[in-house]
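Below, each chain spelled out in residue letters.
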Amino acid sequence: MKIEEVKALFKNATIEELNQLIDQFQDDERAGVIKIKENAKKRIEAFQQEVERTYRMKEYERKYDNCRYICGIDEVGRGPLAGPVVAAAVVLPKDVDIYYLNDSKQLSEKKREQIYEEIMEKAVAVGIGFADEKCIDEINILQADYVAMREAISKLSVVPDVLLNDAVTIPEVDILQVPIIKGDAKSVSIAAASIVAKVTRDRFMVEMDAVYPGYGFASNKGYGSAQHIAKIKESGPSEIHRKTFIKNFI
């Protein structure tokens, strides 16, 4: 088999298949094949580290294992000048492993999209809540966060036994809550919620770019980029701008 064919074989292999391929080509001493096998071993080692990291991120899920439904909650969109704050509530099966879950900001857009699809396929339940710019202007961003979170919980198809929250305790919710500082990096449930919320909001802002062109919503997602601020100063705010956030620009 040519080295390019061996390379393609290893590239398209799963982690389980890589071990078999290494055994299959263990006696192949060609320099190119040796390098391919070394890279495969590094890939296996990196995946094992991810398995261990994922196990550590289930600390709180193991702590509340007596609960039937463990729900992670997180929100995105506190800082932008335009658009809603979006919260997600996610209940994962206890026996499922979704690798590379992390704070959504630590993942590339492509990786977020991939994991989002896996979460939506495997989750027991997902609820999403929005608090738009009018709500944010009326009651402030923190209270709007709570509105979005309560809506996300209400949209779940199951009733959680415990809520693992990223740092906050949500008012007016009669379910056991566990606030975890930097929870989206410490809990698979919260990380899953972070990713669902981020992808949902990003997709919404891309849609708004077509409705309100010129502000760069597709790229800046409503955050205060130079292009965005310049457009506000030039043309004024759009319907989805947070009036209380742009006082310095108009």
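What you are looking at is a predicted structure, and each value in this text was computed from that prediction instead of being measured.

Student: Could you give an account of the side chain of E75, with specific residues and numbers?
Tutor: Summarising the element assignment, E75 is placed in strand 1 (residues 70-76). Despite being buried, E75 has no salt bridge partner; R78 is the closest side chain of opposite charge, sitting 4.6 Å away. Contact partners of E75, with chain neighbours within four places excluded, come to V85, V86, A87, D145 and M149.

Student: Give a description of the packing of aromatic side chains that names residues and reports values.
Tutor: Evaluation of the coordinates by the stated rule reveals four aromatic pairs. Relative to Y99, the ring of F47 has its centre 5.0 Å away and its plane inclined at 70°; by these criteria the two rings are edge-to-face. Placement of F47 in helix 3 (residues 31-56) and of Y99 in the loop between strand 2 (85-91) and helix 5 (109-122) is noted, with a sequence separation of 52 residues between them. A relative accessible area of 22% means that Y99 is categorised as partly exposed. Taking NZ or CZ as reference, K231 lies 5.7 Å from the ring centre of Y215, over its face.

Student: Quick one: what's the story with unusual backbone geometry, residue by residue and with numbers?
Tutor: Of note, Y100 is a non-glycine position whose phi angle comes to about 75°, a positive value. Looking at the element boundaries, Y100 is found in the loop between strand 2 and helix 5.

Student: Tell me what's going on with helix 5, and back it up with residues and numbers.
Tutor: Taking 1.5 Å of rise per residue, the 14 residues of helix 5 would be expected to cover 20 Å, and the 20 Å separating its terminal C-alpha atoms lies within 8% of that figure. For helix 5, the full list of buried residues reads R112, I115, Y116 and I119. Taken end-on, helix 5 shows its buried residues confined to a sector of 115°, consistent with a single buried face. Turned more than 90 degrees off the buried face of helix 5, the exposed positions are K110 and E121. Here the buried face of helix 5 lies against strand 2 and helix 8 (188-211).

Rules used throughout
Residues numbered from 1 in each chain as written. Predicted model: local features only at pLDDT ≥ 70, side-chain atom pairs only at ≥ 80, totals over all residues. Heavy atoms only, no water. Helix = DSSP H or I, 4+ residues; strand = E, 2+ residues; numbered from the N terminus. Buried < 20%, exposed > 50% of the residue type's maximum accessible area, 1.4 Å probe, protein only. Lys, Arg positive; Asp, Glu negative; His and termini not counted. Salt bridge = Lys/Arg side-chain N within 4 Å of Asp/Glu carboxyl O. Contact = heavy atoms within 4.5 Å. Phe/Tyr/Trp six-rings, centres within 6.5 Å; stacked < 30°, edge-to-face > 60°. Lys NZ or Arg CZ within 6 Å of the ring centre and 35° of its normal. Expected span 1.5 Å × (residues − 1). Arc of directions from axis to C-beta.

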